[in-house]
Amino acid sequence: MFRNYLKTAFRSLRKSKGFTGINIIGLSSGLAVCLLIVLYVTDELGYDRYNVNADRIYRLDADIFYNNTGYLGADGPKPLAPVLIHDNPQFEQFVRLSYAGDVMVRKGNNYVQEHHYVFADSTFFKVFTVRMLAGDPNTALNEPNSLVIDESTARKYFDESNAPGNGLGDVVGKTLELENHTICKITGVYQDMPRQSHFHFSLIRPMRDAGIGDYWLGQNCIGYVLARPGYSRGFLQSRVNVTVNTYIGKAMQTELHQSMQDMDRQGAHIRYLLMPLRDIHLHSNKVAEFEPNGNIVYVYVFLFIAILILAIACVNFMNLSTARSANRAKEVGIRKVAGSTRGHLIFQFLTESVLLSFFSLLLAVGIADALLPMFNQLSGKQLDAGMLFSSHILPLLVGLVLTVGFLAGSYPAFYLSSFQPIRVLKDSRSFKSSWLRSGLVVFQFFISIGLIIGTLVIYRQLTYIRNRDVGFDRDQVLVVQNAYMAGDAVKPFRQDLLKLSGVVDATLTGNLPTNPGNYSQNAWYRERNMAPRNMVLLTNLFVDEHYIPTLVMHIVSGRNFAPAEYRTDSMGIILNEAAAQMLGFKDPLNQKLYNPGAQDSTGAYKLNEYHVIGVVKDFNFTSMHEKVQPMIMNLADNRGSLAIRFKGGDIPSLVQEVEAGWRRVANGAPFSYTFLDNDFNNIYKSEAQTGRLFVTFAVFAILIACLGLFGLVTYAAEQRMKEIGIRKVLGANVGGIVALLSRDFLQLVGIASIIAFPVAWWAMNQWLRSFAYRTGISWWIFAAAAAAAILITLVTVSFQTIRAALANPVKSLRSE
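Criteria and cut-off values
Residues numbered from 1 in each chain as written. Predicted model: local features only at pLDDT ≥ 70, side-chain atom pairs only at ≥ 80, totals over all residues. Heavy atoms only, no water. Helix = DSSP H or I, 4+ residues; strand = E, 2+ residues; numbered from the N terminus. Areas by Shrake-Rupley, 256 points an atom, 1.4 Å probe, with all protein chains shown as cover. Buried < 20%, exposed > 50% of the residue type's maximum accessible area, 1.4 Å probe, protein only. Polar contact = N/O pair within 3.5 Å; in protein donor to acceptor, adjacent residues only side chain to side chain. Arc of directions from axis to C-beta. Contact = heavy atoms within 4.5 Å. Pairing = 2+ DSSP bridges. Axes fitted to C-alpha atoms, helices over the stretch in contact; angles between N-to-C directions. 1 Å grid on protein atoms, 1.4 Å probe; cavity = no way out; pocket = protein on both sides within 12 Å on 5 of 7 lines; lining within 4 Å. Points joined across faces, edges and corners; volume = space filled by probe spheres on them. Nonpolar A, V, L, I, M, F, W, Y, C, P; charged D, E, K, R; others polar. Salt bridge = Lys/Arg side-chain N within 4 Å of Asp/Glu carboxyl O. Phe/Tyr/Trp six-rings, centres within 6.5 Å; stacked < 30°, edge-to-face > 60°. Lys NZ or Arg CZ within 6 Å of the ring centre and 35° of its normal. Disulfide = S-S within 2.5 Å. Left-handed = near helix turned anticlockwise from the far one by under 90°. Patch = residues over 30% accessible without salt bridge, like charges linked within 9 Å, V, L, I, M, F, W, Y side chains within 5 Å. Core = buried A, V, L, I, M, F, W, Y, C linked by side-chain atoms within 4.5 Å.

Here we come to the overall build of the protein. Looking only at helices and strands, the protein features 24 helices and 22 strands. Here the protein displays about 36300 Å² of accessible surface, and carbon together with sulfur accounts for 55% of that area.

Quick look at the structure:
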């Protein structure tokens, strides 16, 4: 019986080649987009799951709040993790990491810049599942100046040309020279960390080499703990709270002469919260993250879009199946007269639907494979088509075929099988208006118009970000990285650069406003008293006197740093407007603020007095998702990078001149540079990728909807050929007939627009709320989306309607 169903289904699909082609193309396109999104979502959800104990590993995240200023970070005090393990048997192991970022490694006579350098406890390989290829993971980080490197780094410096994972034993025992002439002995080589990890380290040194003190009131390490099996996150958090209150409370009492209870009464708090390892990538974007993380909101959005696009493709099948019901009405009648039951007919139609869905899936896999390189470029991923046939995706594909087949085929199957044989054999049904079919067309264009509006809003917000006055001029600024490698020659190098034609000014700093993760937040006090009521947390930027003029910032009150004229500027500070307002200074100039310095013999901190010399106009030094935070500038010798402002001209020649000067002073360090405007744009890289993906999905949704619309118009024109012939004989012109056939579809697009406008406005308004600085949603966006939908509909419909209107009426009426 089932074999007969298959033969009949093949025969039916082959007979209606146009119907079959439109449906396969529509379904396969929808399934291809769905598969790409499934790969994206699977990749995002798979981060850090390579760790065997991923479900029991937690990071200790800081949540600190004082006097309306707060700090949310991934770091904490160095002693917290080991004391937590010592005092609480519910925890099995710990590891602390101190991220150093970039480091120079000597290779021959020159230095090579490495980007993933970290200090870690010897327990690193006990907490995280990182395979050691050479060396002993239990002892590799025990000795000072030992160094563990990944496989790629080993092959890079020691030219190991064997197959991956082999021939690395000889590397252990060799040495590498890091910056400052630090010689490190290699004690281990580990396999490159998986791509789906929230951190990637190339060089790991022992934590003892970091030189970090055991301060309970500092944020200087990122701590992870491994819990024993059987304990809930809530219970473990209660143990963390007890430890924090005990030890940090004691430190507060000793150093600040305040208790945790005093803080509670003042509405302040110091907390350390357990962040599950598997949640970090999608649920954490805090200070001191190792790498930029993803966003769970985008995962939900893309999943929703996949469902909507797949729904559009299914709607095409349902609409075309019911629209061509007239062609199959007599078939149904004859089958029923011949003895077929309704159940048999439903099964027959569902077989056709599932079979068509299967063919569509085969084509969809090919389309997805062809589009994957482009999708990887748009999304910033490195997805592999082989993932489609992995053990957890393959069952999903089978389920997808059955689900789409039954979903798309259910209504046509029940609708067609309901025909009464006497009625359909006497007079087969014609293509009549159907409220359900009309509703499905409205649904398709509702989704398409919503995606168009979403795309326009995203691109308008990105344009707003690019063009908004951020408080500094990011154009025409060349940034030379790792200026510290030039040593004492860096300042003469800066002076030499000022002699180059086109160079306006230059500043030495590690705190450029395009590097949000490179700032520190420090405690400052309004009075010479370390009581929590006097404390505020301010973002610190360490700059020189050339910082403000080089970046074209604006002093709104007071003056810039001028150490050559004012020797007291070493203790001078500049506030931004947000800090001056938060501190309540009516006239900030010459106001005093205090910052902890060294500890005395009793362990108490000595407070250093600083005076305000100026107020700078607010500028965005973090993402525009956040409001400008209170910030303070200190005069300091910070040689992280050298930012050079230049006038327009021959930029390649300028870069070459700067590089030549760098080579003379940099002691073999590589010349690494960026442009400040590119660094600024990289902050919003994920939003730009989202915008590009939205465009792609919107185009697919519209094309699939138009494909279904084309099929509907084709069948409508076929069913109304005699009517069109009569109208032409009676004098109707081509324009009138085209308008007649197009009117119904344009009305449906109009209804879809009316429904889509408020829904799209609400959804995009929610997205815009994630930005502290955002554009509005103008009326023209809705008008443009509706106009685009109408134009697309007219183009789609007009091809068939004009063809029908131009047909010779004799051919359609001669049978009468």
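With that out of the way, let us pick up the side chain of asparagine 595. The topology assignment puts asparagine 595 in strand 18 (residues 592-599). Its relative accessible area of 14% is what places asparagine 595 among the buried residues. A polar contact is formed between the side chain of asparagine 595 and the backbone oxygen of alanine 523, at a distance of 2.9 Å.

On to helix 15 (residues 490-497), then. Residues of helix 15 that are buried: Val490, Phe493, Arg494 and Leu497. Seen from one end, helix 15 has its buried residues packed into an arc of 100°, which puts them on one side. Along its buried surface, helix 15 packs onto strand 13 (503-509), strand 21 (641-646) and helix 18 (651-665).

Sheet architecture is open: 4 strands sit in the order 13-21-12-22, paired in antiparallel fashion. The open sheet is flanked by strand 13 and strand 22 (673-675), the only strands paired with a single partner. In this sheet, neighbouring strand axes are inclined to one another by 20° on average, regardless of whether the strands run parallel or antiparallel. Where strand 12 (residues 477-481) meets strand 21, 5 bridges bridge the pair, whose relative direction is antiparallel. Following the sheet pairing, glutamine 481 is matched in strand 21 by serine 641. Those strands touched by helix 18 are strand 12, strand 13, strand 21 and strand 22, and its axis lies near 30° from that of strand 12. Docked against the sheet, helix 19 (residues 676-683) engages strand 12 and strand 22, running at close to 75° with respect to strand 22.

Turning next to the pairing of strand 11 (residues 269-276). The buried count for strand 11 comes to 6 of 8 residues, which makes it a mostly enclosed element. Examined bridge by bridge, strand 1 (residues 57-66) and strand 11 share 8 bridges and lie antiparallel to one another. Bridge pairing in strand 11 links isoleucine 64 to isoleucine 270.

Inspection of the entire model under this criterion finds 4 cavities of 30 Å³ or more. Roughly 40 Å³ of volume is contained in the second largest cavity. Residue lining of the second largest cavity: Leu60, Gly76, Pro77, Leu80, Ala81, Arg96, Cys221, Ile222 and Gly223, and that is the complete set. Looking at the lining of the second largest cavity, the elements with two or more residues in it are helix 3 (80-87) and strand 10 (222-227). Here the lining of the second largest cavity is composed, by residue class, of 6 nonpolar, 2 polar and 1 charged.

Next up on the list: the pattern of salt bridges. Taken as a whole and judged by the stated rule, the model has 23 salt bridges. For lysine 381, the salt bridge identified is with glutamate 44, shortest N-O distance 2.1 Å. Placement of the pair is lysine 381 in the loop between helix 11 (342-379) and helix 12 (394-416) and glutamate 44 in helix 2 (residues 17-45), with a sequence separation of 337 residues. Using a relative accessible area of 5% as the deciding quantity, one classes glutamate 44 as buried. A salt bridge links arginine 639 to aspartate 488; the nearest nitrogen and oxygen atoms lie 3.6 Å apart.

Turning to the environment of glycine 439, a few remarks are in order. In this structure, glycine 439 sits in helix 14 (residues 435-467). In this structure the C-alpha to C-alpha distance between glycine 439 and alanine 752, which are 313 residues apart in sequence, comes to 9.1 Å.

What follows concerns the packing of aromatic side chains. Counted under the stated rule, the structure contains 30 aromatic pairs. Considering the side-chain rings of phenylalanine 302 and phenylalanine 697, the 5.7 Å spacing of their centres and the 75° angle between planes classify their relative orientation as edge-to-face. Residue phenylalanine 302 is found in helix 9 (residues 296-323), and its partner phenylalanine 697 is found in helix 20 (residues 685-719); the two are separated by 395 residues along the sequence. Here the aromatic cluster, defined as three or more aromatic residues joined through ring pairs, consists of Tyr99, Phe124, Phe125, Phe128, Tyr190, Phe199, Phe201, Tyr224 and Phe290. Over the aromatic face of tyrosine 40 sits the side chain of lysine 381, whose NZ or CZ is 5.5 Å from the ring centroid. A cation sits over an aromatic face here: arginine 474 above phenylalanine 680, 3.9 Å from the ring centre.

All chains considered together, the criterion is met by 0 disulfides. Cysteine 34 supplies the cysteine sulfur nearest to cysteine 314, a cysteine that is in no disulfide, at a spacing of 9.5 Å.

The N-to-C vectors of helix 3 and helix 6 (residues 233-256) enclose an angle of 115°; their axes lie 10 Å apart at closest approach. As helix 3 packs across helix 6, the resulting crossing turns out to be right-handed. Only Arg239, Val240, Thr243, Val244 and Tyr247 of helix 6 make contact with helix 3, whose side of the interface consists of Leu80, Val83, Leu84 and Asp87. Of the residues that constitute the contact of helix 3 with helix 6, the class distribution is 6 nonpolar, 1 polar and 2 charged.

Next up on the list: the environment of aspartate 475. For aspartate 475, the location among the structural elements is in the loop between helix 14 and strand 12. Classification of aspartate 475 by relative accessible area gives partly exposed; the value is 42%. Beyond its immediate stretch of four places on either side in the chain, aspartate 475 contacts Arg645 and Asp677.

With a phi close to 60°, asparagine 145 is a non-glycine residue in the positive phi region. Within the element layout of this structure, asparagine 145 appears in the loop between strand 5 (132-135) and strand 6 (146-150). You will see that asparagine 180, though not glycine, has its phi angle at about 65°, which is positive. Mapped onto the fold, asparagine 180 is located in the loop between strand 7 (175-178) and strand 8 (182-190). Exposure remark for asparagine 180: the relative accessible area of 68% places this residue in the exposed category.

Okay, a nonpolar patch on the surface next. On the surface, a cluster of nonpolar side chains totalling about 320 Å² of accessible area is made up of Tyr459, Val695, Val699 and Leu703. Of the residues forming the nonpolar patch, the biggest block, 3 residues, is contributed by helix 20.

What follows deals with the nonpolar core. Counting 116 residues, the largest nonpolar core has Leu35, Tyr547, Met553, Phe619, Met633 and Phe697 as its most contacted members. Ranked by residue count, the leading element in this core is helix 2, at 15 residues. Every residue in contact with phenylalanine 697, bar those within four places of it in the chain, is listed here: Val33, Ile37, Phe302, Ile305, Ile309, Phe375 and Leu451. Counting residues in each nonpolar core, the second largest holds 36 residues, with Val225, Val244, Met252 and Leu274 among its members.

Residue position: isoleucine 792 is located in helix 23 (residues 779-806). What makes isoleucine 792 partly exposed here is its relative accessible area of 24%. Along the chain, isoleucine 792 and leucine 703 lie 89 residues apart, while their C-alpha atoms are 9.3 Å from each other. Non-local contacts of isoleucine 792, meaning those with residues more than four positions away in its chain, are made with Ile702 and Cys706.

We now examine the side chain of threonine 690. Inspection of the secondary structure assignment puts threonine 690 in helix 20. Judged by its relative accessible area of 4%, threonine 690 is buried. In this view, threonine 690 contacts Tyr298, Phe302 and Ile458; residues no more than four positions away in its chain are not counted.

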